[in-house]
Amino acid sequence: MENTRRDFMKAAAMAAVVTATSSQKAMGKVFEAPSPLKWHKSVCRFCGTGCGVMLGVRDDRLVALRGDVEHPTTKGLVCAKSLFLPKIVHAKDRLKTPMIRKNGTLVPATWDEAMTLVAEKFASAIKKHGPDSVAYYGSGQAMSEESYLANRLFKGGIGTNNVEGNPRLCMASAVGGYVSTFGKDEPMGSYDDIEHAKVFFLVGSNTAECHPVIYDQILARKQQNRDVLIITLDPRKSPIDTIADVHLDPVPGYDLAVLHAMAYCMIRDKKHDKAFIEKNVQFKIVKDKKPTNVTFDEYFEWLSKNYTPRQAELQTGVSQAKIEEAAKIFAVGPTTSFWTMGLNQRTRGVWVNNLMHNLHLISGQIGKPGATPFSLTGQPNACGGVRDTGSLCHILPYGRAIKKAKHREEMEKIWGCKPGTIKPKPGLHTIAMFQALARDEVQAMLILTTNPGHSLPNVSVYRDAMGKPRPNKPFICVIDGYPTRTTELADVVLPAAIWSEKTGVFGMSERRYQLHPQVIPAPAGTVSDFDFLLDFAGRLEAHGVVPKGYVSSKFKTTDDVWEEMMLASKDTAYDFRGITRERLRKERGVRWPAPTVGHPGTARRFVKGEDPCLDAGPYADLTLKPGETKFYAAPNHRATVWLRPALGPAEPADADYPFVLTTGRVLEHWHTGTMTMKARELRRAYPTCFVEVHPDDAKKLGIRDGKKIKITSRRGEATVKVRITQAPQPGMIFVPMHWEDVPSLINLVTIDAFDPGSKQPEFKMCAVKLEKA
Amino acid sequence: MRQDIETLAVVGAFARIEPGASVKVRQRLNQIPGVETFDLDDQDRVGILIETKDAAGAEEILEGPIKATPGVWGAWPVSVELEEDPDRIAEA
Ligand code: SF4
């Protein structure tokens, strides 16, 4: 290899670092040379941080990737996962041929054969058993236009609300928390708050490994300002604890009392914001299944009776001193809280989300620079694609609810369907949908860009539902870019174009909608989920189960769908009519609301002078002064502080199953590993699945590092290698979720109990026993 | 993989380091094979170049010895460029 090329590559890498870190010092060493690659602005395919990336293309192949230094929030940073995207896109096992199951085996077919079969199966189920006999299970990894189109097709075309997606497994409790506290989903703050915060409260979030770029920004803040303090709350010590000033480590599943006790301390010490509370907050408790108003004094009395630090210590194992310290720090602020699955994947997920909001509301740590409660997302488009487009069984686009007649009418008008087409009853939520599949009540299911054969809890039950041969077995169609534990169960598998092979929008955690353009051709034989949905809809129209022209006469490209989506956001709290396609092509995304093309986007919602919804439209209030907060989407325009009892998990440890299993991620892998396991180097970082066991437990059980142990729950078992570490507390074990093969598939063990409000399953806690394998 | 085709991956990265430990940390990092460091404006960060045969080695070095170096609080890549895609060569 020529030295000049090596030198060029090194100089280019150095230039990327220098630019990303805004350093002038090293500039002199970087020489400018024309790049032989064509560079395109895009967005990372993985997590909800939504890092801006530049993609280097040569000969129609992705060969390089850099953080996009012009990206306003991620500023040129990326993490190790994204570096492998070029390789993952060109992985050898990409699906490129449709397959149909014949005599129990998947065999190659033409697209037309496969699509004819899919359309026939769906049409015949609808004709024989009605619209609710079919279902759609989508993904926070599909593009926004794809999720919107699928939702539109099923709810407004076929006439079923059986529309779900994998964000039910990761974000539903956050949605429930935002809606029940503020009246609308999605965070009010943004990543800008990191630069202003003096306190970070990181809860149930391994930010260092799961959102590394956010973690860097927090670290940077702490390095720049030694007064910045970090509180963490997690029963497992993760890498963020190395920078924590206070670590709260409750018994798994019993953290609600800690949050209540922090609220108690703040009010007792008069650190609450009386003026803010009087103007913006109401207090509610559920009595006889009905939300009932209580006063601030009654709230404090309730806390004093049940959740003093002393009582919380007894309930949770966290020392009073630590609770007092955390409350004191939190109240000083400005405080930004980040949380993820540790709070959401719980049977008390909505409640614990409410309690996070409670802390911000009573202390007034909200609606000001650096002060915000913020749930981080794990997928690139759970927010923009599924939550915002209303692609779950109980909601409609842009904050509308299935149950509200006015909202159904509005969407019927926009979608051009007959009045009464959208059913008033919510469809089946994820677990109920797969249970209905097991009972053969759902007769045809479309699974798009997701892997429930691996990712559902108590997965063997649902694998059987999808794949076990039986008379009258439901028909399963899966479209994906790669073979997965779900494609192996399908009756038809369709090969999908992915990410940089198609053009569409991702909406990440901070309400920023960003375009990722097609920069390389899709592999021969693949089509995008969008083109598949157009074809599918056209065929259903031809079968007479969807009105003629309902989809086929309306859309040709994702740009056409975007036009309708913008229109659907009018007069909602999401108004993004100013985020045009043209703008998305030029800019590094825009945060909604942004009702006009000239609007720069909104860093802070519900704040006069920042949120355009307070200036014009149905939520406008011209009496407010700049900087004043108004929770305009909430009943009485007041956010709710909820008095939620501190109940524990569905299945606590007991004498038979004495350990608590928690699951999660490691830095190098992402979700079910469909993509990251394709990179040999990522695989090599963790060649096999493992279980973290505390040294005290290892000693008691006589198990040694590197040896295998069997983990058994009331539902199933897994056998993995032991890693003895102080990370989990005694009595708790941690297993990452990425490995797909039996005996490492940990979802054979997890529990499918779910939050009664959000219907999100409790991946974070179930009781297990351990035995030497 | 054909052995006669040479491949190269260069990753640009930076590390956040313990305040005041810049000199020591750079010395330690420079001892890692394939790693070169360079100054950045900010004393609490150091620029890193990792040169290996493929992205495999680079990621391993970043997540392994670099992050394990005493005084390193965290390390982040910002770019990767592959001179030859090993998969393509394997297909050749
Ligand atoms: S932090 Fe998330 S979005 Fe950013 S590069 Fe890593 S995986 Fe991609």
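Residues numbered from 1 in each chain as written. Chains lettered and ligands numbered in written order. Predicted model: local features only at pLDDT ≥ 70, side-chain atom pairs only at ≥ 80, totals over all residues. Heavy atoms only, no water.

All names here are of chain A. The immediate surroundings of the ligand are formed by Cys44, Phe46, Cys47, Thr49, Gly50, Cys51, Val78, Cys79, Lys81, Ser82, Pro212 and Val213. Cavity membership is defined here by more than half of the atoms lying within 2 Å of grid points; on that basis the ligand lies in the second largest cavity. Residue assignment for the shell around the ligand shows that the elements contributing at least two residues are helix H2 (80-83) and helix H9 (212-224). Here the residues of the shell around the ligand sort into 8 nonpolar, 3 polar and 1 charged. (Near = heavy atom within 4 Å. 1 Å grid on protein atoms, 1.4 Å probe; cavity = no way out; pocket = protein on both sides within 12 Å on 5 of 7 lines; lining within 4 Å. Sits in = over half its atoms within 2 Å of the grid points. Helix = DSSP H or I, 4+ residues; strand = E, 2+ residues; numbered from the N terminus. Nonpolar A, V, L, I, M, F, W, Y, C, P; charged D, E, K, R; others polar.)

A word on the packing of helix H10 (residues 256-268) of chain A against helix H16 (residues 349-363) of chain A. Residue and element names in this part refer to chain A. Here H10 crosses H16 at 15 degrees, and the two axes come no closer than 9 Å. Of the possible angle classes, the one that applies to H10 and H16 is roughly parallel. In this structure, the crossing between H10 and H16 has a hand that is left-handed. Listed contacts from H16 to Leu256, Leu259, His260, Met262, Ala263, Met266 and Ile267 of H10 are Trp351, Val352, Leu355, Met356, Leu359, Ile362 and Ser363. Across the contact of H10 with H16, the residue classes tally to 12 nonpolar, 2 polar and no charged. (Axes fitted to C-alpha atoms, helices over the stretch in contact; angles between N-to-C directions. Parallel < 35°, antiparallel > 145°, perpendicular 65-115°, else oblique. Left-handed = near helix turned anticlockwise from the far one by under 90°. Contact = heavy atoms within 4.5 Å.)

Another aspect to go through is the pattern of salt bridges. A side chain with one charge can pair with a side chain of the opposite charge if their charged atoms come near. Residues and elements named next belong to chain A. Applying the stated rule across the entire model yields 52 salt bridges over all chains. Here Glu278 ties to Lys274 by a salt bridge, and the two come within 3.8 Å at their closest N and O atoms. Of this pair, Glu278 and Lys274 are both found in helix H11 (residues 274-280), 4 residues apart, which corresponds to roughly one turn of the helix. Each member of the pair, Glu278 together with Lys274, is exposed. Each of Glu145, Asp559, Arg581 and Arg585 takes part in one network of salt bridges that share partners. (Salt bridge = Lys/Arg side-chain N within 4 Å of Asp/Glu carboxyl O. Buried < 20%, exposed > 50% of the residue type's maximum accessible area, 1.4 Å probe, protein only.)

In this section: the pairing of strand S20 (residues 504-507) of chain A. All names here are of chain A. Taking every second residue as pointing to the same face, both faces of S20 are buried, with Gly504 and Phe506 on one and Val505 and Gly507 on the other. Bridge count between S20 and strand S21 (residues 512-516): 4 bridges; the pairing is antiparallel. If you follow Gly507 over to S21, its bridge partner there is Tyr513. (Pairing = 2+ DSSP bridges.)

Attention shifts here to the confidence of the model for chain B. Residues and elements named next belong to chain B. Mean pLDDT for chain B: 80, with 84% of residues reaching 70 or above. Helix H3 (residues 86-91) is the least confidently modelled element of chain B, averaging 42 in pLDDT, while strand S2 (residues 35-39) averages 92, the highest of any element. Confidence drops under pLDDT 50 across residues 1-5; counting only partners more than four residues distant or on other chains, this segment forms 6 contacts. Counted against residues more than four places away or in other chains, residues 86-92, with its pLDDT under 50, gives 15 contacts. With a pTM of 0.90, the predicted complex shows an ipTM of 0.89. (pLDDT = per-residue confidence, 0-100.)

In terms of nonpolar packing, the biggest core is built from 79 residues, with Phe200(A), Phe338(A), Leu29(B), Ile50(B) and Ile66(B) touching the most fellow members. Those residues in contact with Leu29(B) that lie beyond four places of it in its chain are Val35(B), Thr37(B), Val46(B), Ile48(B), Ile66(B), Thr69(B) and Val72(B). One finds Ala123(A), Phe154(A), Ala444(A) and Tyr550(A) within the second-largest nonpolar core, a separate group that totals 63 residues. (Core = buried A, V, L, I, M, F, W, Y, C linked by side-chain atoms within 4.5 Å.)

Residues and elements named next belong to chain A. Along the chain, Tyr136 turns up in strand S6 (residues 134-138). Since its relative accessible area comes to 1%, Tyr136 is described here as buried. Remark: the alpha-carbon pair of Tyr136 and Ala261, spanning 125 residues in sequence, is separated by 42 Å. Contact partners of Tyr136, with chain neighbours within four places excluded, come to Ser147, Ala150, Phe154, Asn162, Val163, Glu164, Met433, Leu446 and Leu448.

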